[in-house]
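Structure assessment
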Amino acid sequence: MNLSALKAAPVKLLAVAAASALALAGCSNDANNGESDKAAGGDQASTIELANGYCKAKGEHTGDVDHGGHEGHGENTDMTACFGDVTNNGDSAVTITGWTSTAFDDGARFEIHEVVDGKMAAKEKITIEPGATHQLAPGGEHLMVLDAHKALEAGSKVAVVLELEDGSEYTVDLPVNEQPAGNEDYAG
Amino acid sequence: MPDKPSRRTFLIGTSTAALATGALTACSSSKEGEGTQIAPDEAELGSSTVAFDGEHQAGIATPHPSHMRIVAFDIADDRATREDMIRLMNLWTEDARRMCSGMSPRADLAEELSTLPANLTITVGYGPSLFEKLGLAAPDWLKELPAYEHDELIDDYSGGDLVLQICADDPMTVAHASRFLTAAGKSYVKQKWAQDGFLHAHGAIPSGYTMRNHFGQLDGTGNPGLAEFDDVVWINDGPEWLRGGTAMVVRRIEMHLDTWDMLDRPSREAVIGRTLGNGAPLTGTEEFDEPDLEARDEYGLPVIDPNSHMARAKAVPGQLDAKIFRRPYNYLDADSAGQIFICFQQDPMKQFNVIQERLSEADRLNEWITHIGSAVFAVPGGTRDGQAWGGDLFN
């Protein structure tokens, strides 16, 4: 399915085509957008896919940070976050219980966060029902990095590992992009 | 890869379908408010794409969309390294490839603005100062053009380490792509200048017609056809990154329309050497008729003034012949009108410069134009799927 195929279709068929594309997108395993993902060690990891993912660029952190201030952005912060659309292509629910990445400092901490009433708060896990896509986005749930002092350069790549409830891990290379949004107050 | 099915391309698909279905429903149920409906063919323009990847970058030999913004950047002082340029090219190429195929780039929270490509093309080029700052070997021809007699260049429209030429048939698409890419690269580059240009709206005249400039003149009649691009435009040798590439010259040419308006039509046509109506040479009847520079009128005077714009632009026997491919846009600011002259060639010193020296010397049109900006860029060859702009240049 691509734009030109859609364009060529008669208008009434187009809606049908779009509806079947939904079914297709829901169960397709190859709908990733260039990230080299791989699953290891279990079943849950082989049924999920993180598409359109990226981590937020940041400068080097050199001084103390007021955690009541900002998440992730700016010249001098020790926080950032990763985002994307996680789809469960399997027949049973998948739960993300944590995540990690070797791209950050040794002491960096990795949490799952959500934004509630404009305040960030830690969240234990995210469960994705079969066929569902869960969006990790600025202003919503996201993968949070704390105590990250090194710069994270836009245009570089970060290997991110999602830890799943059954012990399996899903690894994906995410590009680093500028993301000015998401500087919500930090509550946790 | 980006053109495989994805959630976002699916969403674009549904919104296009929904739009078209919505228009259809509205047509059959109500006669009121018909003027506000979106015709299916208009929705189709929004989703039309030009292939991003290929032997050559898009935005040169591809059709000439109605709107353009060309943005020049200087690299930040502490970013003059090859590693930084590789990261910037990774970033920009991926964003551009996605936007040109109708997909929202990563980290774009305004995806409705980036999913109407409308024939979007994004073309990158590297200025001579980039090679100096990085200590890289530049092509011999990659240098600022010589100063021509009538030039009154303004720094705000000249030079630049890098350039992005962004073209589409929807000005909102051009605006968003330009803003997004500028913000995406903000840790590496700062905008040096930007110029906005336009042609007739898409569909207002048949596609493929020669553009008109503010003088009312058809502009680009003598352009080489695509069959000549291998000899005129595309660079076929030298370093790998430049093969399939070209040289881009950007000149901002102010037009003095207040005094031009004082000329009657025959005077305007005499200055140009062509009719305003269909662009025919004054010795012919059709736009593409070969001009007869030897023809005399009943008083023995040349029918085409040898100092007319068209005559000066052509080589006379004994002169070095030179061809360029012109792809200009008109501009209109609050207090200035003119043309963003953009041309592509293999070697600007042997092509644009040869023509411009003749024009600078005696073109009658010089009374009504002033070149106020100038820049030269090396345009790398095209990308294959997944590759970044610049090839092996920064390795």
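In this text the structure is predicted, and so the values were computed from the model without any measurement. (Residues numbered from 1 in each chain as written. Chains lettered and ligands numbered in written order. Predicted model: local features only at pLDDT ≥ 70, side-chain atom pairs only at ≥ 80, totals over all residues. Heavy atoms only, no water.)

A few words now on the overall build of chain A. Within chain A, the regular secondary structure consists of three helices and 12 strands. Buried residues in chain A amount to 47% of all 188 residues. Here the contacts in chain A between residues at least 6 apart in sequence split such that 71% fall between residues at least 24 apart. Total accessible area computed for chain A in this model is approximately 8,100 Å², and 50% of it derives from carbon and sulfur atoms. (Helix = DSSP H or I, 4+ residues; strand = E, 2+ residues; numbered from the N terminus. Buried < 20%, exposed > 50% of the residue type's maximum accessible area, 1.4 Å probe, protein only. Contact = heavy atoms within 4.5 Å. Areas by Shrake-Rupley, 256 points an atom, 1.4 Å probe, with all protein chains shown as cover.)

All names here are of chain B. The contact between helix H3 (residues 82-100) and helix H5 (residues 171-184) brings their axes to 10 Å, and the two run at 160°. One way to sum up the angle between H3 and H5 is to call them roughly antiparallel. Taken as a pair, H3 and H5 cross one another with a handedness that is right-handed. Residue-level contacts link Leu-91, Trp-92, Asp-95, Ala-96 and Met-99 of H3 to Ala-177, Phe-180, Leu-181 and Ala-184 of H5. The residue inventory of the contact of H3 with H5, partitioned by class, reads eight nonpolar, no polar and one charged. (Axes fitted to C-alpha atoms, helices over the stretch in contact; angles between N-to-C directions. Parallel < 35°, antiparallel > 145°, perpendicular 65-115°, else oblique. Left-handed = near helix turned anticlockwise from the far one by under 90°. Nonpolar A, V, L, I, M, F, W, Y, C, P; charged D, E, K, R; others polar.)

Before going further, it helps to examine the nonpolar core. Core analysis: the biggest nonpolar cluster contains 94 residues, and Val160(A), Trp92(B), Ile122(B), Tyr126(B) and Trp389(B) have the highest contact counts within it. No other element matches H3(B), which puts eight residues into this core. Leave out the neighbours within four places in its chain, and Trp92(B) touches Phe73(B), Leu162(B), Leu164(B), Leu181(B), Gly185(B), Val189(B) and Trp389(B). The next biggest cluster of nonpolar side chains, apart from the first, holds 25 residues, and it includes Val163(B), Leu199(B), Tyr329(B) and Phe344(B). (Core = buried A, V, L, I, M, F, W, Y, C linked by side-chain atoms within 4.5 Å.)

Residues and elements named next belong to chain B. For the structure on display, the rule yields one disulfide over all chains. For the unlinked cysteine Cys-100, the closest cysteine sulfur is that of Cys-167, found at 9.9 Å. Residue Cys-343 stays outside any disulfide, its sulfur separated by 14 Å from that of Cys-167, the closest cysteine. Relative accessible area serves as the criterion here: at 0%, Cys-343 is assigned to the buried category. (Disulfide = S-S within 2.5 Å.)

Once that is clear, we can look at the side chain of Arg268(B). Residue and element names in this part refer to chain B. Along the chain, Arg-268 turns up in helix H8 (residues 265-272). Buried Arg-268, no salt bridge; nearest opposite-charge side chain is Asp-261, N-O distance 4.3 Å. A distance of 3.2 Å separates a polar atom in the side chain of Arg-268 from the backbone oxygen of Asp-261. Among all residues touching Arg-268, those that are not within four sequence positions of it are Trp-260, Asp-261, Leu-263 and Leu-276. (Lys, Arg positive; Asp, Glu negative; His and termini not counted. Salt bridge = Lys/Arg side-chain N within 4 Å of Asp/Glu carboxyl O. Polar contact = N/O pair within 3.5 Å; in protein donor to acceptor, adjacent residues only side chain to side chain.)

All names here are of chain A. Bridge count for strand E4 (residues 94-101) against strand E10 (residues 157-164) is five bridges, and the pairing is antiparallel. If you follow Trp-99 over to E10, its bridge partner there is Leu-162. With seven bridges connecting them, E10 and strand E11 (residues 169-177) associate as antiparallel partners. Looking at E11, one finds that Val-161 is bridged to Thr-171. Linking E10 back to E11 in an antiparallel pair, the connection comprises four residues, with Gly-167 at a positive phi of about 90°. (Pairing = 2+ DSSP bridges.)

Let's shift gears to the pattern of salt bridges. All names here are of chain B. This structure, assessed with the given rule, holds 23 salt bridges over all chains. Where Asp-84 meets Arg-79, a salt bridge forms, and the shortest distance between an N and an O atom there is 2.7 Å. A single burial state applies to Asp-84 and to Arg-79, both of which are buried. We note a salt bridge from Lys-192 to Asp-155, for which the minimum N-O separation is 3.2 Å. Residue Lys-192 is found in strand E4 (residues 189-198), and its partner Asp-155 is found in the loop between helix H4 (128-134) and strand E3 (162-168); the two are separated by 37 residues along the sequence. Its relative accessible area of 53% is what places Asp-155 among the exposed residues. Through salt bridges with shared partners, one network takes in Asp-53, Glu-94, Arg-97, Arg-98, Arg-106 and Asp-385.

On to the environment of Ile60(B), then. Residues and elements named next belong to chain B. Following the sequence through the fold, Ile-60 ends up in the loop between helix H2 (40-47) and strand E1 (67-75). Each C-alpha atom of the pair Ile-60 and Ile-342 lies 9.9 Å from the other, and the pair is 282 residues apart in sequence. Among residues more than four places away in sequence, those in contact with Ile-60 are Thr-123, Val-233, Trp-234, Thr-246, Phe-325, Arg-327, Phe-344 and Val-379.

This part is about the pairing of strand E3 (residues 80-88) of chain A. All names here are of chain A. Burial of E3 is extensive: nine of the nine residues sit out of reach of the surface. Residues Thr-80, Cys-82, Gly-84, Val-86 and Asn-88 line one face of E3 and the alternating positions Ala-81, Phe-83, Asp-85 and Thr-87 line the opposite face, and both faces are buried. Bridge count for strand E2 (residues 48-56) against E3 is six bridges, and the pairing is antiparallel. Across the sheet, residue Leu-50 finds its bridge partner in E3, namely Val-86. Two strands pair when backbone bridges link them, and E3 and strand E9 (residues 142-146) are joined in this way by three bridges, in the antiparallel orientation. Bridging across to E9, Ala-81 finds its partner in Met-144. With four bridges joining them, E3 and strand E8 (residues 133-136) adopt antiparallel strand pairing. Looking at the pairing, Gly-84 lines up with Leu-136 of E8.

Time to look at the packing of aromatic side chains. All names here are of chain B. Tallied over the entire structure, the rule returns 14 aromatic pairs over all chains. Seen in terms of ring centroids, Phe-52 and Trp-389 are 5.8 Å apart; in terms of plane orientation they differ by 40°. Their pairing is tilted. Of this pair, Phe-52 sits in the loop between H2 and E1 while Trp-389 sits in the segment after strand E11 (369-379), placing them 337 residues apart in sequence. The burial state of Phe-52 is the same as that of Trp-389; both residues are buried. Ring geometry for Phe-215 versus Trp-260: centroids 4.2 Å apart, planes at 35°, classification tilted. Here Phe-215 is found in the loop between strand E5 (211-212) and strand E6 (218-219), whereas its partner Trp-260 is found in helix H7 (residues 257-260), with 45 residues between them in sequence. A single burial state applies to Phe-215 and to Trp-260, both of which are buried. An aromatic cluster is present here, built from Tyr-126, Phe-131, Trp-241 and Phe-394 joined pairwise through their rings. The residue whose ring lies beneath Arg-252 is Tyr-157, and the NZ or CZ to ring-centre distance is 4.1 Å. When the ring centre of Tyr-331 is taken as origin, the NZ or CZ atom of Arg-252, which lies over that ring, is 3.6 Å away. (Phe/Tyr/Trp six-rings, centres within 6.5 Å; stacked < 30°, edge-to-face > 60°. Lys NZ or Arg CZ within 6 Å of the ring centre and 35° of its normal.)

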